[in-house]
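Here is how the chains run, residue by residue.
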Amino acid sequence: MPLLNSKAVILHSQRWGEADRIITGFSQRAGKIRAIAYGARKLKSRFGGVLEPFNLIQLTLFERTPTSLARVSQAELLESFSAIREHLHLMGQAARMATLVKAITADHDPNEALFQALVGGLRALTTTPDPQGVMLVFQIHVLDHAGFRPEMGSCTTCGSSLGTARGWFAPWSGGMICAQCRHTQSGPCLSMAPGSIAFVNQAKRLPFPVVTRLRATGQVRREVEEALDAFIRTILGTPLPEIASWAAEDEPRYALPVSSARS
Amino acid sequence: MNDRTQSALVRLTRELVRLPGIGQKTAQRLAFHLMKVDKDEALRLAQAIQDVKERVTFCVQCRNMTESTLCEICQDPKRDRTKILVVEEPSTLHAIEHSKAFNGLYHVLFGALSPLEGVGPSDIRAHELENRVKAGGIEEVIIATNPTIEGEATAIYLTKLLRPYGVRVSRIAYGIPVGMDIEYADEVTLLKSIEGRRECP
């Protein structure tokens, strides 16, 4: 990849040296990439604020050798999702999205569906009355496109069909297990109602932005959140960072209070 | 050049190369320069470094760098004590002081909130600022954190933290740098400068 020109979402931007930045982005054509933008922090830098996290940009990179850090040659802003920067809660949710994509993907592994989910997820955050709900369906999509689709229709241990009864999600097995296998396995399992299983299945099928119309409330939301948290913790070896209390309090005015969304 | 001299030079080069913005070549050039100059001149530099490390501390009020309990700015009776300008680092404070654009007091946070890195209010000096405002006498707090995602998060948080005390909380303006051609400005700067436009005086 000596020269790459692609759309990309900035996942992380870190200060480097006197006035440079090292960016991590998820690009449409080359997957996760890291590059250095020389002079990006200088007042008259041509990059300006384009390389800030969560921006969708048109990026041109030059890579001298496959092992060296690529150099940002050009960057143009396509979409800034500026509403995210106005609320700490939305910044926190966007940071969780970026952290998940950064952690679950390998370098230089393009994934068009995952790229579209990332753009769709960030775009949905700017308009949704329910940022936690967007994060929920985003996690389902990312797991699906990254090759970790949770098996919700049949038992991951014996392969039997689960039907419409309450089931058990086993994060260590990558999906549901049946009542019989649950008694023979020692790993932790999370109980899931048929509504929760149906929610995950529907969320997997619908693309962004249609999927954001799905609403999970009360028990369904709680069960799906717990199952996804446990599954992601198993895959990454570490949980996704929680939104700190100082940020969680700053929700956009149109957002539903957490209590009413879950009641 | 004997082994001992060489090792002292190598050691000096190694120390210099650790400084920001100094590469191997520059470090070597500086090391050879220091070797060539008078002993007194070289020792003055060594003494200045030692003095900085031994004498310079942080102002108990604003956390600016100082050699006494309070920095020169906090001690100056001519400063406007009703205004506090909040910056991330002492280097920003010095850049603003150099511009002579502000005559009030400062508050150095030593960082910025970061939802991506997990840096919270207890990691920066946000509550020291709150205590200064709570103590009274402050009419305006100007937030001059960097226009990055971290700087924005800090500005939002501080605004919510300080507004209940009845002070005016303002943010420095974004826009086109003076002397620059607008056609070369990036999209974000242009967008912000149009959003933050003001009526002509």
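Above: the structure in question.
Given the structure is predicted, the values throughout are model-derived calculations rather than measurements. In this numbering scheme, every chain counts its residues from 1 along its sequence in written order. Note on labels: chains are lettered from A, ligands numbered from 1, in written order. Reporting of local features is limited, given that this is a predicted model, to residues whose pLDDT is at least 70; pairs of side-chain atoms are given and counted only at 80 or more, and all residues count toward the totals for whole chains, interfaces and linings. Side-chain descriptors were evaluated using all non-hydrogen atoms of the structure, hydrogens and water having been removed beforehand.

(A) Main features of the overall build of chain B. For the purposes of this entry, the term helix denotes a DSSP run of H or I that reaches at least four residues, the term strand denotes a run of E that reaches at least two, and both are numbered from the N terminus. The helix and strand inventory of chain B stands at 8 helices and 6 strands. For chain B, the α and β elements follow one another from N to C terminus as α-α-α-β-β-α-β-α-β-α-β-α-β-α. Dimensions of chain B, computed from C-alpha atoms along their principal axes, come out at roughly 70 × 45 × 40 Å. Within chain B, buried positions represent 37% of all 201 residues. In this scheme, a residue with accessible area under 20% of its type's maximum is buried, one over 50% is exposed, and one in between is partly exposed, where area comes from a 1.4 Å probe on protein chains only.

(B) Here's a closer look at the pairing of strand β1 (residues 3–16) of chain A. Residues and elements named next belong to chain A. Pairing between strands is defined by DSSP: at least two bridges between the two strands are required. Direction of pairing for β1 relative to strand β4 (residues 56–62): antiparallel, over a ladder of 7 bridges. Paired with Asn-5 across the two strands is Thr-60, which belongs to β4. Two elements, β1 and strand β2 (residues 20–27), share 8 bridges in a ladder whose sense is antiparallel. The residue of β2 that forms the bridge with Ile-10 is Gly-25.

(C) Layout of helix α8 (residues 187–195) of chain B. Of all the residues in α8(B), the buried ones are B:Val188, B:Thr189 and B:Ser193. Buried positions in α8(B), seen along its axis, are confined to an arc of 130° and lie on one side of it. Facing away from the buried side of α8(B) by more than 90 degrees, the exposed set consists of B:Ile194 and B:Glu195. Contacts between residues were defined by any pair of non-hydrogen atoms, one from each residue, lying within 4.5 Å. Residues of α8(B) that are buried sit in contact with β5 (70–79) of chain A. Picture the helix axis, draw a direction to every C-beta atom, and the arc is the one those directions span.

(D) Main features of the nonpolar core. Here the nonpolar core consists of buried residues drawn from Ala, Val, Leu, Ile, Met, Phe, Trp, Tyr and Cys, with membership extended through side-chain atoms lying within 4.5 Å. By size, the foremost hydrophobic cluster in this structure holds 83 residues, and its most contacted members are A:Phe54, A:Ile84, A:Leu122, A:Phe138, A:Met192 and B:Leu158. Among the elements that make up this core, the one with the highest residue count is helix α1 (residues 88–104) of chain A (10 residues). Here this core gathers at least three residues from each of two domains, domain 1 (1–80) and domain 2 (87–238) of chain A. Those residues in contact with A:Phe54 that sit more than four places away from it in its chain are A:Val9, A:Ile10, A:Phe81, A:Ile84, A:Arg85, A:Met91, A:Ala94, A:Ala95, A:Ala98, A:Leu122, B:Leu116 and B:Ile149. The start and end points of each domain follow an automatic or database-based domain assignment.

(E) Representation of the sheet that holds β2(A). Residue and element names in this part refer to chain A. The strand order around the closed barrel formed by 5 strands is β1-β2-β3-β5-β4, and the pairing between neighbours is mixed. On average, each strand axis in the sheet is tilted by 45° relative to the strand beside it, whichever way the strands run. Helix axes use the C-alpha atoms of the stretch in contact, all axes being lines fitted to C-alpha atoms, and the angles between their N-to-C directions lie in the range 0 to 180 degrees. Of the strands in this sheet, β1, β2, β4 and β5 touch helix α2 (residues 112–125), which is tilted by about 55° from β1.

(F) Main features of the packing of helix α3 (residues 131–145) of chain A against helix α6 (residues 218–236) of chain A. All names here are of chain A. At a closest axis distance of 11 Å, the pairing of α3 and α6 adopts a crossing angle of 45°. By the angle between their directions, the pair α3 and α6 is classed as oblique. In terms of crossing hand, the pair formed by α3 and α6 is left-handed. Facing α3, whose interface residues are Gln-132, Gly-133, Leu-136, Gln-139, Ile-140 and Leu-143, α6 presents Arg-221, Val-224, Glu-225, Leu-228, Asp-229, Phe-231, Ile-232 and Ile-235. Here the term charged refers only to Asp, Glu, Lys and Arg, the term nonpolar to Ala, Val, Leu, Ile, Met, Phe, Trp, Tyr, Cys and Pro, and the term polar to all other amino acids, Gly among them. Looking at side-chain class alone, the contact of α3 with α6 contains 8 nonpolar, 3 polar and 3 charged residues. Working rule for angles: under 35 degrees goes down as roughly parallel, over 145 as roughly antiparallel, 65 to 115 as roughly perpendicular, anything else as oblique. Should the near helix be turned anticlockwise from the far one by less than a right angle, the crossing is left-handed, and should it be turned clockwise, the crossing is right-handed.

(G) Structural detail: empty space enclosed by the protein. All names here are of chain A. Think of a 1 Å grid over the protein atoms and nothing else: a 1.4 Å probe that fits but is trapped marks a cavity, an open set flanked by protein within 12 Å on at least five of seven lines marks a pocket, and residues with an atom within 4 Å of a point count as lining. Grid points are joined across faces, edges and corners, and a volume is the space filled by probe spheres set on the points. Counted by the stated rule, this structure contains 1 cavity of 30 Å³ or more. The calculated volume of the largest cavity comes to roughly 40 Å³. Lining the largest cavity are Pro-150, Met-152, Phe-169, Met-192, Val-200, Val-224, Ala-227 and Leu-228. If you tally residues by element for the lining of the largest cavity, the top one is α6, at 3 residues.

Nothing here speaks to function; it is all geometry.
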